[in-house]
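Listed below are the residues making up each chain.
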Amino acid sequence: MTDPGDGAVMSNGAGALQFFDHAVTRIRGFRHRAGQREMAAHIARQLGGDDLKGDSTSFAVIQAGTGVGKSAAYLSTAIKLAMTQKKRLVVSTATVRSE
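Residues numbered from 1 in each chain as written. Predicted model: local features only at pLDDT ≥ 70, side-chain atom pairs only at ≥ 80, totals over all residues. Heavy atoms only, no water.

1. A few points about the overall build of the chain
Counting its secondary structure elements, the chain contains three helices and zero strands. Counting helices and strands in the order they occur from the N terminus, the chain gives α-α-α. Expressed as a percentage of the 99 residues in the chain, the buried residues total 27%. Carbon and sulfur atoms provide 52% of the accessible area of the chain, an area that totals close to 7,200 Å². (Helix = DSSP H or I, 4+ residues; strand = E, 2+ residues; numbered from the N terminus. Buried < 20%, exposed > 50% of the residue type's maximum accessible area, 1.4 Å probe, protein only. Areas by Shrake-Rupley, 256 points an atom, 1.4 Å probe, with all protein chains shown as cover.)

As C-alpha cells, then:
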C-alpha cells in the first residue's frame, strides 16, 4: 500500500496508475495517445498486484504500433511500482521490421 500524499491509502497498482496520470498531465508538449492509459492500467494491474508476495516474479508483454506511446505508458508506471516495492525492474525493447 502507498500513500499518494493526501492521506488516502491505495494499492500499489492504483498508485502507479495515478503516477502515470500525474506525469502525463505535467510533461510539456506531451500528447495523449489512445490506448496509452489502457497499457499503463494493464501494467499497473500485472506488476502492482497486491497478491504478489516475497520473491514472486511477474511480467508483461506489450505490443503496439509505432507512435502509440508505449514508453511513457510502461516506464512511468513500472518505475513507480519498482520504487514502491523496492524491486528491480528490467525493461527490454525490440523493433521488428517487416520487409
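2. So, a nonpolar patch on the surface
On the surface, Leu 75, Ile 79, Met 83, Leu 89 and Val 91 cluster together to form a nonpolar patch covering roughly 410 Å² of accessible area. Turning to its location among the elements, Met 83 is positioned in helix α3 (residues 70-85). When its relative accessible area of 60% is taken as the criterion, Met 83 is described as exposed. (Patch = residues over 30% accessible without salt bridge, like charges linked within 9 Å, V, L, I, M, F, W, Y side chains within 5 Å. Salt bridge = Lys/Arg side-chain N within 4 Å of Asp/Glu carboxyl O.)

3. Digging into the nonpolar core
In globular proteins that are soluble, nonpolar side chains generally tend to be buried together. By size, the foremost hydrophobic cluster in this structure holds eight residues: Leu 17, Phe 20, Val 24, Met 39, Ala 40, Ala 41, Ala 44 and Ala 73. Among the elements of the structure, α1 (12-26) and α2 (36-47) are those that each provide at least two residues to this core. Residue contributions to this core peak at four residues, all from α2. In contact with Phe 20, other than residues within four places in its own chain, are Gln 36, Arg 37, Ala 40, Ala 72, Ala 73, Ser 76 and Thr 77. (Core = buried A, V, L, I, M, F, W, Y, C linked by side-chain atoms within 4.5 Å. Contact = heavy atoms within 4.5 Å.)

4. With respect to the layout of surface pockets
Regions of empty space are outlined by a rolling probe, equal in size to a water molecule, passed over the atoms. If you add up the space inside the largest pocket, you get close to 750 Å³. Lining of the largest pocket is provided by 23 residues; of these, Ile 62, Lys 70, Tyr 74, Ser 92 and Thr 93 occupy positions nearest its centre. For the lining of the largest pocket, the secondary-structure elements that each account for two or more residues are α2 and α3. Ranked by residues supplied to the lining of the largest pocket, first place goes to α3 with four residues. (1 Å grid on protein atoms, 1.4 Å probe; cavity = no way out; pocket = protein on both sides within 12 Å on 5 of 7 lines; lining within 4 Å. Points joined across faces, edges and corners; volume = space filled by probe spheres on them.)

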